[in-house]
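Close look at the chain arrangement
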Amino acid sequence: MSSPTTQQHSIWTESWVFAGRLFNQWRRYPAVPLQALLFPTLLLVIYGLLVGKSMVRLTGNSGLDLLIPVCTLAGAMSGAVGAGLSVPFDRDSGLMTRMWLMPVHRTAPLTGALLAEAVRTFVGSVLVVATGYALGFRFVGGVLEFLAYLLIPVVVVVVFATIVITLALSPHGKIILTWTGTGCMGLAFATLIPLGKIPALLRPLAEYQPIAPAAAAMRALSSGGNAGLPILLTLLWAAALAAVFVPVTVRGYRAAVEGGKLDG
């Protein structure tokens, strides 16, 4: 009766160990956290200094409730892409194979990487929101709504990280990831365009592309609006993408470690 519980606890413990390895790596080589945190916070600060006061005078709203979700999601995905760029090196150096041969659960390095992405994204979201508060942003909802607000980017990025790992393990992973990061940034900032400014034929695509429901859910939560539908769409997108990419990621990871080098 206790065997499954023990095994589950072992997987979580081992995942935290591998996540800690990434935390230490990011601490020594802080390109990933800087890419994930510096970009969105700097964008908010520049916006607040150059545009924020003018927006308040013109519209009565600083626009931070629109920009913070975009910055949070874009920064988190940018960080995931940055972390993914190290995957080909770990494969080619044989590090993945060494971790595969260790006496741990086979998926622990992979779940540890996803866990590290989740923690990094949550911390990044807190920092971006704190910067927004310093610039005048105020959250209208309650504690549960605020927690959901911070967890939405985590859900998006954990699923996105599986896509990043899958692409990173492909033969031209670094080039593909560069274009993927650019495309995802475009999708995030496209959510700032009012639907009325988009041609009618393209509006459904703009409204229901994978990043749009997450940004809409965060905006609704921060303003006290009805966030039920955008949260549901966010979870449906996450579930659909996970159903497609998680098995592909696991197969690709297994193929990479079994064909990795041990002399790197």
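Residues numbered from 1 in each chain as written. Predicted model: local features only at pLDDT ≥ 70, side-chain atom pairs only at ≥ 80, totals over all residues. Heavy atoms only, no water.

Moving on, we come to the overall build of the protein chain. When helices and strands are tallied, the protein chain shows 11 helices and zero strands. Across the 264 residues of the protein chain, 43% fall into the buried class. The long-range share in the protein chain, meaning contacts at least 24 apart out of those at least 6 apart in sequence, stands at 80%. Total accessible area on the protein chain is roughly 13700 Å²; 72% of this is exposed by carbon and sulfur atoms. (Helix = DSSP H or I, 4+ residues; strand = E, 2+ residues; numbered from the N terminus. Buried < 20%, exposed > 50% of the residue type's maximum accessible area, 1.4 Å probe, protein only. Contact = heavy atoms within 4.5 Å. Areas by Shrake-Rupley, 256 points an atom, 1.4 Å probe, with all protein chains shown as cover.)

Here we come to helix H10 (residues 211-223). Taking 1.5 Å of rise per residue, 13 residues should cover 18 Å, and H10 covers 19 Å from first to last C-alpha, within 8% of that figure. Looking at H10, one finds that the buried residues are Ile 211, Ala 212, Pro 213, Ala 214, Ala 215, Ala 217, Met 218, Arg 219, Ala 220, Leu 221 and Ser 222. Check the buried side of H10 and you find it contacts helix H3 (64-84), helix H7 (143-168), helix H8 (173-190), helix H9 (203-208) and helix H11 (228-258). (Expected span 1.5 Å × (residues − 1).)

Time to look at helix H6 (residues 108-134). For an α-helix, the turn length of 3.6 residues means that residues three or four places apart are oriented alike. In this model H6 runs 39 Å from its N-terminal to its C-terminal C-alpha over 27 residues, within 8% of the 39 Å that 1.5 Å per residue would give. The positive-phi residue at the C-terminal boundary of H6 is Gly 136, with phi of around 115 degrees.

Applying the stated criterion across every chain yields a total of six aromatic pairs. Seen from their ring centres, Phe 137 and Tyr 149 are 6.5 Å apart, and the 25 degrees between their planes marks the pair as stacked. Highlighted residues: Phe 137 in the loop between H6 and H7 and Tyr 149 in helix H7, separated in sequence by 12 residues. Of the two residues, Phe 137 and Tyr 149, both sit in the buried class. Three or more aromatic residues joined by ring pairs make a cluster, and in this case those are Tyr 133, Phe 137, Phe 139, Phe 146 and Tyr 149. A cation sits over an aromatic face here: Arg 120 above Trp 26, 6.0 Å from the ring centre. (Phe/Tyr/Trp six-rings, centres within 6.5 Å; stacked < 30°, edge-to-face > 60°. Lys NZ or Arg CZ within 6 Å of the ring centre and 35° of its normal.)

The subject of this paragraph is the environment of Ala 19. Tracing the chain through its elements places Ala 19 in helix H1 (residues 3-28). Considered as a pair, Ala 19 and Glu 117 are 98 residues apart in the sequence and their alpha carbons are 8.5 Å apart. Setting aside its immediate chain neighbours within four residues, Ala 19 contacts Gly 112, Leu 115 and Ala 116.

In the predicted model, the protein chain carries a mean pLDDT of 82, and the fraction of residues at 70 or more is 89%. Helix H2 (residues 31-59) is the least confidently modelled element of the protein chain, averaging 69 in pLDDT, while H7 averages 93, the highest of any element. Per-residue pLDDT stays below 50 along residues 1-8; that stretch engages in one contact with residues further than four places along the chain or on separate chains. (pLDDT = per-residue confidence, 0-100.)

Right, let's talk about the packing of H10 against H11 for a bit. Where H10 meets H11, the axes come as close as 8 Å, and the angle between the chain directions of the two elements is 150 degrees. Read as a crossing pair, H10 and H11 show a hand that is left-handed. Each of Pro 213, Ala 214, Ala 216, Ala 217 and Leu 221 in H10 lies in contact with H11, whose residues at this interface are Pro 230, Ile 231, Leu 233, Thr 234 and Trp 237. Tallied by class, the residues present in the contact of H10 with H11 amount to nine nonpolar, one polar and no charged. (Axes fitted to C-alpha atoms, helices over the stretch in contact; angles between N-to-C directions. Left-handed = near helix turned anticlockwise from the far one by under 90°. Nonpolar A, V, L, I, M, F, W, Y, C, P; charged D, E, K, R; others polar.)

What follows concerns the nonpolar core. The nonpolar side chains of a soluble globular protein tend to be buried, and buried together. Ile 68, Tyr 149 and Tyr 253 are the most contacted members of the largest nonpolar core, which has 50 residues in total. When residues of this core are traced back to their parent elements, those giving at least two are H2, H3, helix H5 (95-101), H6, H7, H8, H10 and H11. Sort the elements by how many residues they give to this core and H3 lands first, with 11 residues. By size, the runner-up hydrophobic cluster in this structure holds eight residues, among which are Ala 19, Val 32, Ala 83 and Ala 116. (Core = buried A, V, L, I, M, F, W, Y, C linked by side-chain atoms within 4.5 Å.)

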